[in-house]
Amino acid sequence: MTVDERIEIRRLEGAELDAQLDNLAAVLADCVAGGASVSFMAPFPHEEARAAFEAVALEVDQGRRLLLAAFAGGEVVGTVQVILALPPNQPHRGEVAKLLVRRSARKRGIGQLLMERAETEARAAGKSLLVLDTASGDAERLYERLGWTRVGVVPGFALYPDGRRCDTTFFWKAL
Ligand SMILES: CC(C)(COP(=O)(O)OP(=O)(O)OC[C@H]1O[C@@H](n2cnc3c(N)ncnc32)[C@H](O)[C@@H]1OP(=O)(O)O)[C@@H](O)C(=O)NCCC(=O)NCCS
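The structure displayed is predicted, hence computed values, not measured ones.

**Q** Describe in detail the state of the cysteines, supporting the description with residues and values.
**A** The bond known as a disulfide is covalent and runs between the sulfur atoms of two cysteines. Tallying each qualifying case throughout the model produces 0 disulfides. There is no disulfide at Cys166, and the cysteine sulfur nearest it, in Cys31, is 14 Å away.

**Q** Which residues make up the side chain of Glu119, and what are the values?
**A** Looking at where Glu119 falls in the secondary structure, it is placed in helix α4 (residues 110-124). Looking at Glu119, its side chain comes within polar contact range of the side chain of Trp148, at 2.9 Å. A polar atom in the side chain of Glu119 sits 2.8 Å from the side chain of Lys173. Residues contacting Glu119, with those up to four places away along its chain left out, are Leu130, Leu146, Trp148, Lys173 and Leu175.

**Q** Talk me through the nonpolar core; I want residue IDs and the actual numbers.
**A** In this structure, Leu114, Met115 and Trp148 are the most contacted members of the largest nonpolar core, which totals 25 residues. Contributions of two or more residues to this core are made by β2 (65-72), β3 (75-83), β4 (93-101), α4, β5 (129-134) and α5 (137-145). No other element matches α4, which puts 5 residues into this core. In this view, Leu114 contacts Ile9, Leu68, Ala69, Ala70, Gly78, Thr79, Val80, Leu99, Leu100 and Val101; residues no more than four positions away in its chain are not counted. In terms of nonpolar packing, the next biggest core, distinct from the first, is built from 23 residues, Ala29, Phe44, Val56 and Leu67 among them.

Rules and cut-offs
Residues numbered from 1 in each chain as written. Predicted model: local features only at pLDDT ≥ 70, side-chain atom pairs only at ≥ 80, totals over all residues. Heavy atoms only, no water. Disulfide = S-S within 2.5 Å. Helix = DSSP H or I, 4+ residues; strand = E, 2+ residues; numbered from the N terminus. Polar contact = N/O pair within 3.5 Å; in protein donor to acceptor, adjacent residues only side chain to side chain. Contact = heavy atoms within 4.5 Å. Core = buried A, V, L, I, M, F, W, Y, C linked by side-chain atoms within 4.5 Å. Buried < 20%, exposed > 50% of the residue type's maximum accessible area, 1.4 Å probe, protein only.

This is the structure in structure tokens:
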């Protein structure tokens, strides 16, 4: 990516989301290949990454989740989701999930743009409280910059793709 490539954040659904499933899967696979603890283990074939986004697309169709994609020069380079469907006693709450930026596009502000838009979309969907968890130090700094409150760390909560355990930090933000 060159510096003059404009970043566009778009909310994807329906046919537009279906058309981007392989590109979203490629971003997820790149992050897992880079060692990110984002639910999946190595080796992580493209078909499994695509299947993960097919399941997400179903929830988007049902209005249970929203998905944003970051485009640079027309290519998908990042994505994030907000889970909207939570138990009946938590209608005001959403969960941010799978903030992913492909390695070649990092440290250009794309993660921040995705998070800012995710918060805007969550607010528009009627949410007044968001939570998330992360095993990434890069992500932790990003969330703190954006005003998220760090709750604490659960040691050994998840695994890295290579099987090592990793700590996970929980955050919340009132919208
Ligand atoms: C966490 C993640 C999404 C951040 O994405 P990103 O696009 O690199 O995020 P940003 O560019 O907004 O911020 C990253 C850094 O780049 C810096 N930056 C932003 N724009 C910049 C620019 N134009 N020039 C130089 N640096 C810049 C930021 O200040 C920040 O600095 P820091 O590392 O000192 O905190 C990305 O690292 C990732 O996908 N990681 C793997 C997946 C993962 O673990 N996700 C978290 C799941 S909760």
